[in-house]
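Chain by chain, the residues run as shown.
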Amino acid sequence: MMTKIVADSSADLLTLGDLPFASVPLTIHAGDRVFVDDEHCDIDGMIAFLRTYKGKTTTSCPNTECWLKAFGNADTVYCVTISSAMSGTYNAAMLAAKEYMELHPERRVHVFDSLSAGPGCTQMVEKVADCVRKGLSFEDTVAAVTAFRDRANLIFSLASVHNFVANGRVSAAVGAIVGILGIRVIGKAGVKGELVIASKSRGDHKAMQNMLGAMMKLMGLDGKVKTAPASKVQEGIKLLLNAVDQGILDATDGLLDAKTLTAGALTVAALRSKTKYGWAAPGAMTLLWWASKLFGAQSNE
């Protein structure tokens, strides 16, 4: 009995190691250029092209035939798609599942509408994989993954609204102002999987603060932090950081800790931002400032 996990390319996965897996690519159209989001896609080249492309861009979802091919000959298929509120991918997968089970009445397919995108889809796929590895039944797996989805949340930050401008969803004037002022749009997934704007921030630092605040609110921790004594809050943060520190130390055989790893990542991100936008962009300087603070704190300990 073969069990297979299938997801569209918004999950950003190409393999699940020991488990049969297939990624079904979404497609971006920009003029006469077509970018298929598979293992052959030049991501850096695509981003560079779209950043300077002035025309309208569109996306297309995998059709029923693509999904049927991905299902292969599996006896049980678990399929995860990007939110149905953002794409027709879910509907196409549902049609494929119906046709697959009509052709093979003894086989089973369940299509999960992630009500999310990107990392939300990735986490759902990983949850399915965890259930399969534990040997859960089809019904128990569907119930566990659905429950996981219903308590999950997606929060994101946009450093650019260029694609919205290109698609006509945001005016060019507004897009220019957002870029000049360094405005970061904070968004989240709504209850039906639609993406909604939660807030706007100026600069990366404020955006990170607002995202953290939104996360704490979703977890019901904002009120507890506000009312808890400062010493308790500091103690809790210290325990959390120590736990993360120990986990990274164990994973790297003592070579790295959380501060060093984070500072290094921020430095790399700053240099990439500088290469693309120059030092004048607030993002690069902000990232380097944070990196220097972390490296400085590390050397003083």
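Treat the numbers as computed from the prediction; the structure is a model and nothing was measured. (Residues numbered from 1 in each chain as written. Predicted model: local features only at pLDDT ≥ 70, side-chain atom pairs only at ≥ 80, totals over all residues. Heavy atoms only, no water.)

Caption draft 1: Molecular detail of the packing of aromatic side chains. Going through the model one piece at a time under the given rule, you end up with 4 aromatic pairs. Relative to Tyr-53, the ring of Phe-49 lies with its centre 5.3 Å away and its plane at 20°, an arrangement referred to as stacked. Owing to a relative accessible area of 22%, Phe-49 belongs among the partly exposed residues under this scheme. With a relative accessible area of 18%, Tyr-53 lands in the buried category. A ring pair is formed by Phe-71 and Tyr-100, whose centres lie 5.4 Å apart and whose planes are at 75°; its orientation type is edge-to-face. (Phe/Tyr/Trp six-rings, centres within 6.5 Å; stacked < 30°, edge-to-face > 60°. Buried < 20%, exposed > 50% of the residue type's maximum accessible area, 1.4 Å probe, protein only.)

Caption draft 2: The arrangement of the nonpolar core in detail. Core analysis: the biggest nonpolar cluster contains 20 residues, and Ile-5, Leu-16, Phe-21, Val-80, Phe-112, Val-125 and Val-128 have the highest contact counts within it. Of all the secondary structure elements, the ones that give two or more residues to this core are β1 (3–8), β6 (76–81), α4 (119–133) and α5 (138–151). It is α4 that contributes the most residues to this core, 6 residues altogether. Aside from chain neighbours lying at most four places away, what touches Leu-16 is Ile-5, Phe-21, Val-125, Ala-129 and Arg-133. Counting 18 residues, the second-largest nonpolar core is a separate cluster that includes Trp-67, Ala-70, Phe-71 and Val-109. (Core = buried A, V, L, I, M, F, W, Y, C linked by side-chain atoms within 4.5 Å. Helix = DSSP H or I, 4+ residues; strand = E, 2+ residues; numbered from the N terminus. Contact = heavy atoms within 4.5 Å.)

Caption draft 3: Just the pattern of salt bridges, in detail. Following the criterion strictly, the structure yields 5 salt bridges and no others. The partner of Arg-108 in a salt bridge is Glu-139, with the nearest N and O atoms 3.3 Å apart. Of this pair, Arg-108 sits in strand β7 (residues 108–113) while Glu-139 is found in helix α5, placing the two residues 31 residues apart along the sequence. Arg-108 gets classed as partly exposed once you look at its relative accessible area, which sits at 35%. The exposure class assigned to Glu-139 is partly exposed, which follows from its relative accessible area of 49%. Residue Asp-150 is joined to Arg-149 by a salt bridge in which the shortest nitrogen-to-oxygen separation is 3.0 Å. (Salt bridge = Lys/Arg side-chain N within 4 Å of Asp/Glu carboxyl O.)

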